[in-house]
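# Architecture at a glance
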Amino acid sequence: MERRQFLRQAGATLAVASTAGLAACAGQPTTSPGAAGAHLSPDATGLAPIRASVDRITGVYVCTRPFRAAGPRIEMQKLGSKTVVHNYGHGGSGWSLSWGSGTLALQMAQSTGARELGVIGCGAIGLTTALLAQQAGLSVRIYAKALPPDVFSMRASGLWTPDSRICDAEHAAALADRWEMMTRISYARYQSLLGLPGKPIEWIDGYSLADAPFGSFHGEVADEPEYGEFADRVRDLTPRSVELSPGTHPFPEPYVRRYTTLMFNISSYANLLMSEYLAAGGKIEIREFSHAEELQKLPEHTLVNATGYGARALFNDESVIPVRGQTARLIPQPEVTYGLRMKDISVVPRSDGIMVQVIGDAGNFNNADVTPRRADSEAAVRELADLMTKMRRS
Ligand SMILES: Cc1cc2nc3c(=O)[nH]c(=O)nc-3n(C[C@H](O)[C@H](O)[C@H](O)COP(=O)(O)OP(=O)(O)OC[C@H]3O[C@@H](n4cnc5c(N)ncnc54)[C@H](O)[C@@H]3O)c2cc1C
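Basis of the calculations
- Residues numbered from 1 in each chain as written.
- Predicted model: local features only at pLDDT ≥ 70, side-chain atom pairs only at ≥ 80, totals over all residues.
- Heavy atoms only, no water.
- Helix = DSSP H or I, 4+ residues; strand = E, 2+ residues; numbered from the N terminus.
- Contact = heavy atoms within 4.5 Å.
- Buried < 20%, exposed > 50% of the residue type's maximum accessible area, 1.4 Å probe, protein only.
- Expected span 1.5 Å × (residues − 1).
- Phe/Tyr/Trp six-rings, centres within 6.5 Å; stacked < 30°, edge-to-face > 60°.
- Lys NZ or Arg CZ within 6 Å of the ring centre and 35° of its normal.
- Core = buried A, V, L, I, M, F, W, Y, C linked by side-chain atoms within 4.5 Å.
- pLDDT = per-residue confidence, 0-100.
- Near = heavy atom within 4 Å.
- Polar contact = N/O pair within 3.5 Å; in protein donor to acceptor, adjacent residues only side chain to side chain.
- Areas by Shrake-Rupley, 256 points an atom, 1.4 Å probe, with all protein chains shown as cover.
- Axes fitted to C-alpha atoms, helices over the stretch in contact; angles between N-to-C directions.
- Left-handed = near helix turned anticlockwise from the far one by under 90°.
- Nonpolar A, V, L, I, M, F, W, Y, C, P; charged D, E, K, R; others polar.
- Bend = angle between axes of the 7 residues up to and from the residue.
- Pairing = 2+ DSSP bridges.

This part takes up the overall build of the protein chain. Helix and strand counts for the protein chain stand at eight helices and 15 strands. Long-range pairs, those at least 24 residues apart, make up 80% of the contacts in the protein chain between residues at least 6 apart in sequence.

This is the structure in C-alpha cells:
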C-alpha cells in the first residue's frame, strides 16, 4: 500500500484504504466515537500481543505488482490460429478482483465456442479463471512456468483491496464501470468461501493508528502516480469503520479507528483452489514460453493469458509496470486475529504467518528488483515490537 492512500484513509471521513496491505478497509465510511460499537469492548482491550521479534521472521518475500496505467488488460486478440484472451495487469488488486476478472475473460473465451481452454499462468488470475471455466463445463489445461507456492501471487498481503494500484487517476473514469462489475462479482464469490475448513477466507477486524487527527495528513509517495480510487462505488459492500475515543482502546496513539475487512489466508486458499481444479479433472503442464509465437503449438484454439508481470516480456507489453512490494512473515499466532495499520507498516494476521509489510516507502514504482531487503523488514518488526510494549493490557 502506499502512503498517500494510507494517509487519506486515516484522515478522510470516508476511509479510503485501498492499497495492498492497507486497503483492508477499502471504502469504509466511519461512524463517530460516540456511535454504537465505539465504547470500550473486549475486542479492543483483549487483543493478544504479537510476539514481534526479528528472530521470529520466517521469511522475507518480494514480488512485483503488475500495474498498468489503464487498468488490467482483459480483451481478446487473434494471434495466428489462436484466440488469446488477455487477463493480466491487476496491480495490487489481483486476488481481490480475480473472480470478477475471470468471469469477464471466460465470457470472451466462450464467445469463440471453445470447449477446451488453455490457461497460461497459475497465479491468482490463472487459477480462478481456470476454475470458472471448469464450472462452465469447459475442459481446461493450465500451462505455467511455476505453480503455487512459487508464483508472485503467493507473496501478496492477503486483504480485500479491489482498487489498489489498479489504474492511474487519468484512466479511472474509463475503468470505473468494469471495475465495479468485477468487484461485485468477486465480493459475492468470496462470501461463498467463508466458513470452510482451513479458513481460506475470513472477516477480520483491524485498527488504524495515528498520532494526529484523521484528516490532517496530506502525504504522497513521491515517485508513484496518482491512482484511480473507486471505493465510493462499493460503499455498500463493507462495514463502516469506527473511530475509537481515547481511553477506549489499548493503543498509545491518540487516534484509532477500527475497521473490518476480508482477509485471504493465501496458503490455504491457494491450496483449496489447486485441489478443486485438480479434482475437477484440470490438467497442468509446467512450461515456460519465451515468445508469444510458441503458443501456436498448443492444442487448444482458445487461450487465456494470465501471466501477470510475465506478460510484459511474453507479449512485449511495456505498459505493464512492476511495482515492488516486500512482506515479512512472523511465526503464526492463531490467537492474534486483528490487523494493524500504522504510518509505515501494515500487519495482517494470516494463518500462515503474521504478515508485516513496510508501506509508504518510495523506490518501488518501476522497480523489478525482487531481492529481499531484510533490514527494512527487521526495522518494521522492531517498530511493531515497540508498539506491543506500549499497549495497555488491562
Ligand atoms: C507486496 C504485495 C502485496 C499485495 N497484496 C495484495 C492484497 O492484499 N490483495 C490483493 O488483491 N492483491 C494484492 N497484491 C497484488 C496481487 O498479488 C497481484 O495482483 C496478483 O498476484 C497477480 O496475479 P497473477 O496471477 O496475474 O500473476 P502471478 O501470480 O505472477 O502469476 C503469473 C503466472 O504466470 C506464469 N508465467 C509468467 N510468465 C510466464 C511465461 N513466460 N511462460 C509460462 N508461464 C509464465 C507464472 O509462472 C505464474 O504461474 C499484492 C502485491 C504485492 C506485490
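What follows picks up the thread again.
With that settled, the discussion passes to unusual backbone geometry. Omega for the peptide link from Pro148 to Pro149 comes to 15 degrees, which places this bond in the cis form. Relative to the helices and strands, Pro149 is located in the loop between β6 (139-144) and α5 (172-191). Even without glycine at this site, Lys199 takes up a positive phi of about 45 degrees. Structurally, Lys199 can be placed in the loop between α5 and β7 (201-210). Judged by its relative accessible area of 48%, Lys199 is partly exposed.

Turning our attention to the environment of Pro72. By the element assignment, Pro72 lies in the loop between β2 (57-68) and β3 (73-79). Once the C-alpha coordinates of Pro72 and Ser101 are considered, the two residues, 29 residues apart in sequence, prove to be 8.6 Å apart. Apart from the residues within four sequence positions on either side, Pro72 is in contact with Tyr88, Gly89, His90, Ile166, Leu175 and Met182.

Right, let's talk about helix α8 (residues 374-390) for a bit. Between the first and last C-alpha of α8 there are 25 Å, a value that for 17 residues agrees with the 24 Å anticipated at 1.5 Å per step. When α8 is considered as a whole, its buried residues turn out to be Ser377, Glu378, Ala380, Val381, Leu384, Leu387 and Met388. As for α8, its buried residues are in contact with β2, β7, β12 (320-330), β13 (338-341), β14 (345-350) and β15 (353-358).

Under the defined criterion, the tally for this structure stands at 13 aromatic pairs. Taken together, a centroid distance of 5.3 Å and an interplanar angle of 50 degrees make the contact between Trp95 and Tyr269 tilted. Of this pair, Trp95 sits in helix α3 (residues 94-110) while Tyr269 is found in helix α6 (residues 266-279), placing the two residues 174 residues apart along the sequence. Take Trp95 and Tyr269: they sit in the same class, and that class is buried. Consider the rings of Tyr190 and Phe264, whose centres lie 4.6 Å apart with planes at 25 degrees: the pair is stacked. Within this pair, whereas Tyr190 is found in helix α5, its partner Phe264 is found in strand β9 (residues 255-264), the two being separated by 74 residues in sequence. Here Tyr190 matches Phe264 in class, with each residue buried. Three or more aromatic residues link up through ring pairs in this structure, and these residues are Trp95, Trp160, Tyr187, Tyr190, Trp203, Phe264 and Tyr269. When the ring centre of Trp99 is taken as origin, the NZ or CZ atom of Arg189, which lies over that ring, is 4.0 Å away. Against the face of Tyr61 rests Arg329, its NZ or CZ located 4.8 Å from the ring centre.

With 51 residues, the main nonpolar core has Trp95, Trp99, Ile142, Tyr190, Phe230, Phe264 and Tyr269 as its most contacted residues. For this core, the secondary-structure elements that each account for two or more residues are α3, β5 (116-120), α4 (124-135), β6, α5, β9 and α6. The element best represented in this core is α3, accounting for eight residues. The next biggest cluster of nonpolar side chains, apart from the first, holds 28 residues, and it includes Val60, Val242, Ile345 and Ala380.

All right, on to the side chain of Gln134 then. Mapped onto the elements, Gln134 comes out in helix α4. With residues up to four places along the chain from it excluded, the contact list for Gln134 reads Val140, Glu276, Tyr277, Ala280, Gly281 and Gly282.

Turning next to the confidence of the model for the protein chain. Chain-level pLDDT for the protein chain is 90 on average; 87% of the residues reach the 70-or-more range. Every residue in residues 32-44 scores below 50 in pLDDT, and together they form 26 contacts with partners more than four places removed in sequence or on other chains.

This part covers the site of the ligand. Neighbouring residues of the ligand: 35 residues in total, closest Cys63, Gly91, Ser96, Ser153 and Leu159. Backbone polar atom of Gly91 to an oxygen atom of the ligand: 2.8 Å apart, as the coordinates give it. Contacts to the ligand include Ser153, whose side-chain N or O atom sits 2.4 Å from an oxygen atom. Within the complex, the protein chains bury 96% of what would otherwise be the 1,000 Å² of accessible surface of the ligand.

Running from N to C, α4 and α6 cross one another at 35 degrees; their axes reach a closest spacing of 10 Å. α6 is crossed by α4, and the crossing has left-handed handedness. For the pair formed by α4 and α6, the contact residues are Leu127, Thr128, Ala130, Leu131 and Gln134 on the first element and Tyr269, Ala270, Leu273, Met274, Glu276 and Tyr277 on the second. Classifying every residue of the contact of α4 with α6 gives eight nonpolar, two polar and one charged.

Its place among the elements puts Ala172 in helix α5. It is 8.0 Å that separates the C-alpha atoms of Ala172 and Tyr227, two residues lying 55 residues apart in sequence. Among all residues touching Ala172, those that are not within four sequence positions of it are Cys167, Gly228 and Phe230.

Bringing α3 into the picture now. At Gly100, α3 is deflected by roughly 35 degrees, the largest bend along its length. Taken across its 17 residues, α3 has 14 buried, putting it largely inside the fold.

Attention now goes to the environment of Gln107. On the secondary structure map, Gln107 appears in helix α3. The sequence separation of Gln107 and Ala133 amounts to 26 residues, and the corresponding C-alpha distance is 9.3 Å.

With that settled, consider the sheet that holds strand β11 (residues 302-305). Pairing is mixed in the open sheet, where six strands are placed in the order β3-β4-β11-β5-β6-β10. Looking at the sheet topology across the chains shown, the edges are occupied by β3 and β10 (283-286). Taking the axes of each pair of neighbouring strands and ignoring which way they run, one obtains an average angle of 20 degrees across the sheet. Sheet topology note: the β6/β10 ladder contains four bridges and is parallel. When the bridges of β10 are listed, Arg141 appears paired with Lys283. On top of the sheet, α6 reaches β6 and β10; it is set at about 115 degrees to β10, its chief contact.

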